[in-house]
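Each chain, written out:
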Amino acid sequence: MSDMPFSMYGPDFPFAYDQWLQHPAGLGELPASAMGAEVAIIGAGIAGLVCGYELMRLGLKPVFYEAGRLGGRLRSVHFDGNEQIVAELGGMRFPRSSRSFYHYVERMGLKTAPFPNPLTEAAGSTVIELEGERFYAQKLADLPIIFQEVAEAYDSALEEGAQFTDLQDAIRRRDAAAIKAIWNPLVKQWDERTFYDFISTSSAFRALSFRHREVFGQVGFGTGGWDSDFPNTMLEILRVNVTGCDTDQHLIVGGAEQLPRRLWQHAPSDLNHWPVGTSLQSLNQGAPRPGAARIFRDGQTDQIAVTDTRGHTERFAAVVCTCQSWLLTTAIDTEESLFSHPLWMALDRTRYMQSAKTFVMVDRPFWKERDPVTGEKRMSMTLTDRLTRGTYLFDHGDDQPGVICLSYSWMSDALKVLPLDAQKRTQLALSALSRIYPDVDIASHIRSNPITISWEDDPNFLGAFKGALPGHYRYNHRMYGHFMQQHLPAQQRGIFLAGDDISWTPAWAEGAVQTALNAVWGVMTQFKGCCATDNPGPGDLYPAWGPVSLAP
Ligand code: FAD
């Protein structure tokens, strides 16, 4: 296995989703009696579309319900008047370790390119501005020594607190036993402790000043500011680091939303039961049904009924819910007995983080011009403690318009702009950036109306993504394992959960894909199908390698 690419293989459940997908035997087989059976999919984001796509290939008929826009949190919005250039309002940088996500990127023929993260070659240059002090760098070594001390301290803290190198090597080798031997004790040790606790109690950071912790919070590692995650459980951060989510990230050329859209339209040549040319779009007569308003068990047929927002009810042997779990108690009147009380506890305690982004299109990538005096680029990828937090520059070629993500922020910084409109947000961002770049007139280059989003403000999401708090491991465990329903009471069977908030890696599309594939296994099993013996699925290997249980 050691020649396999590095992937998000565990650590909670080391299962090779990428290999399951690529195996010539396929994901499994269904009995003839199940062919063409309808399965409801609530939510046409990437989890719903991956799940539906694979169920269609197995021979089932996915019936989609979508309350908003197909694509969900992979949302790429065109600037008015330019169909080629988009603002990535949701997921925008995808770590190469997201192997099952990339399986679909490649299958749908999408191109990727390195994402212009801080201190990467793709960014070209980075400016870090903290407490009014500004530093220009192309790589870490160009920055003052304190930044290197911070980076080294974090590496040492990971070694000391999490046997980081050994754990990552075990993931690289796909050695499930070695992963579990290191990870399971860490679960007990870190579930109830925060990221900040991890930093502040590590020997490496204790030997340094408060300023070092502050710089770490503002600049972080890999992708920028991490202080918004300080209250989260350390387990979640460890998963990000150890599975390489924060490194080697690519964007999808033309926008991430193309992936769900292509899955919707794609007519696979390798599918069961359906004639060649069948797609999710054709099976759904062109469009998803409107949002789900009610889910309940129909006493007469014992099937699960879904009523949409227009009042139309249909019945299904299986339903897969992929919307954020809070919506099961807000947007959807979900019959309580469909889930156990402990599972309801987990769904309701899920905690979502806030996030805001504001984009503008500019005439050209003017930032690449050099200042004649300093030789520095006019403007760079920028990390700051000001309101904007992260500013990203997207270059589409010298003779093409460029895109600036003026501000990408989370939690308190996102809440500061929540009630403000796009113009006001742009004005505040430009004002903050003018203090960092006093000689650059960014506004004179803007050619579009700004595009902005606050995910917490949208009733179809209520937040950007899950950020698990200390003590949430047990909740995650309940939600993630729910796709195996053989031992559930009959009234709780047939409704499945998927989406990155059900996964161990919230905020990463790979988590949405992995849980969608769990749901595929669950639905297939419910219809008395099974995996090939030489290509076992997640539910087959879960008893051996599933997540460690913590005492109730
Ligand atoms: P969603 O995309 O939320 O899909 C659920 C769908 O359900 C939505 O379309 C919603 O409209 C629909 N719905 C809601 N209510 C109902 C209802 N009543 N009936 C029917 N449908 C309903 N991931 C990365 O890998 N890299 C990144 O850089 C990254 N950055 C991100 C930045 C932001 C700001 C955000 C918000 C997310 C980011 N993510 C990133 C995460 C990634 O976008 C998600 O993991 C992924 O898109 C989630 O897909 P999903 O299908 O699980 O959920």
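Coordinates for the structure precede this section.
All of these numbers come straight from a predicted model, not from anything done at the bench.

Undergrad: Please set out the nonpolar core residue by residue, giving values where relevant.
TA: Within the largest apolar cluster, 135 residues are counted, with the highest numbers of intra-cluster contacts made by Phe 101 and Tyr 154. Both domains that meet at this core, namely domain 1 (34-72 + 255-350 + 469-545) and domain 2 (144-251), each give it at least three residues. Residues contacting Phe 101, with those up to four places away along its chain left out, are Leu 74, Phe 94, Ile 252, Leu 259, Ala 509, Glu 510 and Val 513. The next biggest cluster of nonpolar side chains, apart from the first, holds 26 residues, and it includes Tyr 65, Ala 292, Phe 316 and Cys 323.

Undergrad: Tell me about the environment of Asp 398, residues and numbers included.
TA: Following the sequence through the fold, Asp 398 ends up in the loop between strand 18 (390-394) and strand 19 (402-410). For Asp 398, a relative accessible area of 57% corresponds to the exposed category. Discounting residues that sit within four places of it in the chain, Asp 398 has contacts with Arg 364, Pro 365 and Lys 368. Engagement of the side chain of Asp 398 in a polar contact is seen with the side chain of Lys 368, the distance being 2.7 Å.

Undergrad: Which residues make up the packing of helix 4 (residues 145-162) against helix 9 (residues 210-219), and what values go with them?
TA: Between helix 4 and helix 9, the least distance of the axes is 9 Å, while the angle of their chain directions is 85°. Taken together, the axes of helix 4 and helix 9 are roughly perpendicular relative to one another. Facing helix 4, whose interface residues are Ile 146, Phe 147, Glu 149, Val 150 and Tyr 154, helix 9 presents Arg 211, His 212, Val 215, Phe 216 and Val 219. Of the residues in the contact of helix 4 with helix 9, the class split is 7 nonpolar, 1 polar and 2 charged.

Undergrad: Run through the pairing of strand 7 (residues 126-130), naming residues and quoting values.
TA: Here strand 7 lies mainly inside the structure; 5 of its 5 residues are buried. Alternating positions in strand 7 separate into two faces, Thr 126, Ile 128 and Leu 130 on one and Val 127 and Glu 129 on the other, with burial throughout. Counted along the chain from strand 7 to the antiparallel partner strand 8 (residues 133-137), the turn is 2 residues long, and its residue Glu 131 has a positive phi close to 45°. Where strand 7 lies against strand 17 (residues 381-384), 4 bridges are found, and the strand directions are parallel.

Conventions used here
- Residues numbered from 1 in each chain as written.
- Predicted model: local features only at pLDDT ≥ 70, side-chain atom pairs only at ≥ 80, totals over all residues.
- Heavy atoms only, no water.
- Core = buried A, V, L, I, M, F, W, Y, C linked by side-chain atoms within 4.5 Å.
- Buried < 20%, exposed > 50% of the residue type's maximum accessible area, 1.4 Å probe, protein only.
- Domains from an automatic or database assignment.
- Contact = heavy atoms within 4.5 Å.
- Helix = DSSP H or I, 4+ residues; strand = E, 2+ residues; numbered from the N terminus.
- Polar contact = N/O pair within 3.5 Å; in protein donor to acceptor, adjacent residues only side chain to side chain.
- Axes fitted to C-alpha atoms, helices over the stretch in contact; angles between N-to-C directions.
- Parallel < 35°, antiparallel > 145°, perpendicular 65-115°, else oblique.
- Nonpolar A, V, L, I, M, F, W, Y, C, P; charged D, E, K, R; others polar.
- Pairing = 2+ DSSP bridges.

Geometric values such as these leave the question of function open.
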